[in-house]
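What the coordinates show
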Amino acid sequence: MDIQFKDVSYTYEAGTPIQHTALKNIDLTIQPQKFTAIIGKTGSGKSTLVQHLNALLKPTQGVVRIGNRSITPTTGNKQLKALRKKVGTVFQFPEAQLFGQTIKEDVMFGPKNYGVKPDNALLIAERALEMVGLDASFLEQSPFDLSGGQQRRVAIAGVLALEPEILVLDEPTAGLDPIGQAEIMDMFYRLNTEQNTTIIMVTHQMEQVAEYADDVIVMKEGAVAKQGTPREIFSDTKLLAENDLHVPHTVAFQIALEEKYGWKLPELALTTDDLALSLKQYIRDLKEDRYEE
């Protein structure tokens, strides 16, 4: 489903002395079946923006279009139930929302709430657990007996059980160690590439943006400062500096190498594998040039 923001503004506590405009005249298109990252300093409007995707917030002005559905300031909540099933949201520390005595109860809750019969809801729950790397043997366990990383997987399975076409992630790896972060991000990447789920991720982790994102949106003071590929964004040093954003470690290492040795690699390397291949080719070309001389 295409996602479009047309002249969208949002004001908290509108009409009161403490009103604050968090989004300002946003015009934006997010492509379906892509992995999109949203970055920017704290208070730039990132979380407010994504809360419009499943109508946790409705625009003060303008329209948000998701597929053939529109969200406007006057859209009623009854019109939004079907949309909210298509847009799943994983908040920071989603494991804090676990409530069931068993994992089965937790993961089946969403489908049953949308009228799915218990037998079918159980099959959906089993599939959702498989997606997050947990098998059916976990169904009867208490979620509170699991490790923190496993609890997060169960919470994510509860979102996936609604079979959303769009998955919104708000700092999805917060609090996890590096191994846990990599496992969770690889899982989301597979959902995107194998299930064609549209992923929209708010993050401060630039390494994750470089490795996984197809498209990047930079927010600044409630507006879109720039939209482009990771390579386009991380090549714009002025934009990054203005928004207190750092480049990924691989990019920083490449820049340091180029400055120290006077090299100029053909393009910005976003991952260590990219950098290794680029260096190998560059050094090979240098040797060939010297041999020809």
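All of the points below concern the structure found in this document. (Residues numbered from 1 in each chain as written. Predicted model: local features only at pLDDT ≥ 70, side-chain atom pairs only at ≥ 80, totals over all residues. Heavy atoms only, no water.)

**Examining the environment of Ile-30**
Looking at the element boundaries, Ile-30 is found in strand 2 (residues 20-30). Between the alpha carbons of Ile-30 and Gly-110 there is a distance of 26 Å; along the sequence they are 80 residues apart. Beyond its immediate chain neighbours, meaning those up to four positions away, Ile-30 contacts Asp-2, Ile-3, Thr-36, Ile-200 and Ile-217. (Helix = DSSP H or I, 4+ residues; strand = E, 2+ residues; numbered from the N terminus. Contact = heavy atoms within 4.5 Å.)

**A look at the pattern of salt bridges**
Across all of its chains, the model carries nine salt bridges by this definition. We note a salt bridge from Arg-231 to Glu-267, for which the minimum N-O separation is 3.8 Å. You can see Arg-231 sitting in helix 8 (residues 230-234) and its partner Glu-267 sitting in the loop between helix 10 (249-261) and helix 11 (272-292), a full 36 residues away along the chain. With relative accessibility at 28%, the residue Arg-231 sits in the partly exposed group. (Salt bridge = Lys/Arg side-chain N within 4 Å of Asp/Glu carboxyl O. Buried < 20%, exposed > 50% of the residue type's maximum accessible area, 1.4 Å probe, protein only.)

**So, unusual backbone geometry**
Excluding glycine, residues mostly carry a negative phi; peptide bonds, for their part, are mostly trans. If you check the backbone angles, Phe-93 has positive phi at about 50° while not being a glycine. Structurally, the position occupied by Phe-93 is in the loop between strand 6 (87-90) and helix 3 (103-113). Classification of Phe-93 by relative accessible area gives partly exposed; the value is 39%.

**Focus on the pairing of strand 1 (residues 3-12)**
Of the strand pairs in this sheet, strand 1 and strand 2 are connected by seven bridges, and their pairing is antiparallel. Opposite Tyr-10, over in strand 2, you have Leu-23 as the bridge partner. (Pairing = 2+ DSSP bridges.)

**Section: the pairing of strand 9 (residues 215-220)**
Remark: a regular strand shows side chains that alternate across the two faces of the sheet. With five of six residues buried, strand 9 is to be regarded as a mostly interior element. With four bridges joining them, strand 3 (residues 35-39) and strand 9 adopt parallel strand pairing. Along strand 9, the bridge assignment pairs Ala-37 with Val-216. Taken together, the five bridges between strand 9 and strand 10 (residues 223-228) define a ladder with antiparallel strand orientation.

**Concerning the nonpolar core**
For soluble globular proteins, nonpolar side chains are generally found buried alongside one another. In terms of nonpolar packing, the biggest core is built from 51 residues, with Val-107, Leu-167 and Phe-188 touching the most fellow members. When residues in this core are grouped by element, the largest group, six residues, is from helix 5 (residues 148-160). By size, the runner-up hydrophobic cluster in this structure holds 26 residues, among which are Phe-5, Leu-49, Val-64 and Ile-71. (Core = buried A, V, L, I, M, F, W, Y, C linked by side-chain atoms within 4.5 Å.)

**Details of helix 6 (residues 178-195)**
For helix 6, which comprises 18 residues, the first-to-last C-alpha distance of 25 Å matches the rise-based estimate of 26 Å (1.5 Å per residue) to within 8%. What helix 6 keeps buried is the set Gly-180, Gln-181, Ile-184, Met-185, Met-187, Phe-188, Leu-191 and Asn-192. With its buried residues spanning 150° around the axis, helix 6 presents them on a single face. Among the exposed residues of helix 6, those oriented more than 90 degrees off its buried face are Pro-178, Ile-179 and Glu-194. Looking one or two places after helix 6, you find Asn-196, whose phi comes out positive at around 60°. (Expected span 1.5 Å × (residues − 1). Arc of directions from axis to C-beta.)

**As for the sheet that holds strand 3**
The strand order across the open sheet formed by six strands is 6-7-8-3-9-10, and the pairing between neighbours is mixed. Sheet topology places strand 6 and strand 10 at the edges, where each strand pairs with a single neighbour. For this sheet, the mean inter-axis angle between neighbouring strands, taken without regard to orientation, is 20°. The strands touched by helix 5 are strand 6 and strand 7 (166-170); relative to strand 6, the strand with the most contacts, the crossing angle is about 165°. Against the sheet, helix 6 makes contact with strand 3, strand 7 and strand 8 (198-202), and its axis sits at roughly 130° relative to strand 3, the strand it touches most. (Axes fitted to C-alpha atoms, helices over the stretch in contact; angles between N-to-C directions.)

By themselves, these figures tell us nothing about what the structure is for.
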